[in-house]
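# Examination of the molecular architecture
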Amino acid sequence: MAGADIAAEVMWALDAFGALVTVGALWFSYGLWKYDREQEEKWRRKRRKRCDADSP
């Protein structure tokens, strides 16, 4: 029965590790999305300024 207890502990540890990896991947993905959105906003602001300066 001790082998089953050890196996259960190992499975629990792997499950917890998988959850941590999933949370880390979601956090990283959100960080990339946020960075991309900020860059797009900067690009739009620059483009808007440039277009305003070009108009007569």
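For the structure, see preceding data.
Since the structure is predicted, the reported quantities are computational estimates derived from the model, not experimental observations.

Of the regular secondary structure elements, the protein holds 1 helix and 0 strands. Of all 56 residues assigned to the protein, the portion counted as buried reaches 0%. For the protein, the accessible area works out to roughly 5600 Å², and carbon and sulfur atoms hold 64% of it.

Looking now at the pattern of salt bridges. Taken as a whole and assessed by the stated rule, the structure comprises 2 salt bridges. Across the pair glutamate 40 and arginine 44 runs a salt bridge, and its minimum N-O distance is 2.9 Å. With a gap of 4 residues between them, glutamate 40 and arginine 44 both fall in helix α1 (residues 2-54), about one helical turn apart. A salt bridge links glutamate 41 to arginine 44; the nearest nitrogen and oxygen atoms lie 3.7 Å apart. Here glutamate 41 and its partner arginine 44 are both found in helix α1, 3 residues apart, which amounts to about one turn of the helix. Look at arginine 44 and you get partly exposed, because its relative accessible area is 40%. Beyond isolated ion pairs, a larger network of salt bridges with shared partners links Glu40, Glu41 and Arg44.

Turning our eyes to something else, we now look at the packing of aromatic side chains. What characterises a pair of aromatic rings is the spacing of the ring centres plus the angle enclosed by the ring planes. Counting across every chain of the model gives 1 aromatic pair. Taken together, a centroid distance of 5.8 Å and an interplanar angle of 35 degrees make the contact between tyrosine 30 and tryptophan 33 tilted. Here tryptophan 33 and tyrosine 30 lie together in helix α1, a separation of 3 residues that amounts to about one turn. You can call tyrosine 30 partly exposed: its relative accessible area is 45%.

This paragraph deals with a positive patch on the surface. The grouping of Lys42, Arg45, Lys46, Arg48 and Lys49 at the surface amounts to a positive patch. Examined against the element boundaries, lysine 46 turns out to sit in helix α1. A relative accessible area of 59% places lysine 46 in the exposed class.

Basis of the calculations
- Residues numbered from 1 in each chain as written.
- Predicted model: local features only at pLDDT ≥ 70, side-chain atom pairs only at ≥ 80, totals over all residues.
- Heavy atoms only, no water.
- Helix = DSSP H or I, 4+ residues; strand = E, 2+ residues; numbered from the N terminus.
- Buried < 20%, exposed > 50% of the residue type's maximum accessible area, 1.4 Å probe, protein only.
- Areas by Shrake-Rupley, 256 points an atom, 1.4 Å probe, with all protein chains shown as cover.
- Salt bridge = Lys/Arg side-chain N within 4 Å of Asp/Glu carboxyl O.
- Phe/Tyr/Trp six-rings, centres within 6.5 Å; stacked < 30°, edge-to-face > 60°.
- Patch = residues over 30% accessible without salt bridge, like charges linked within 9 Å, V, L, I, M, F, W, Y side chains within 5 Å.
- Lys, Arg positive; Asp, Glu negative; His and termini not counted.
- Charge placed at Lys NZ, Arg CZ, Asp CG, Glu CD.

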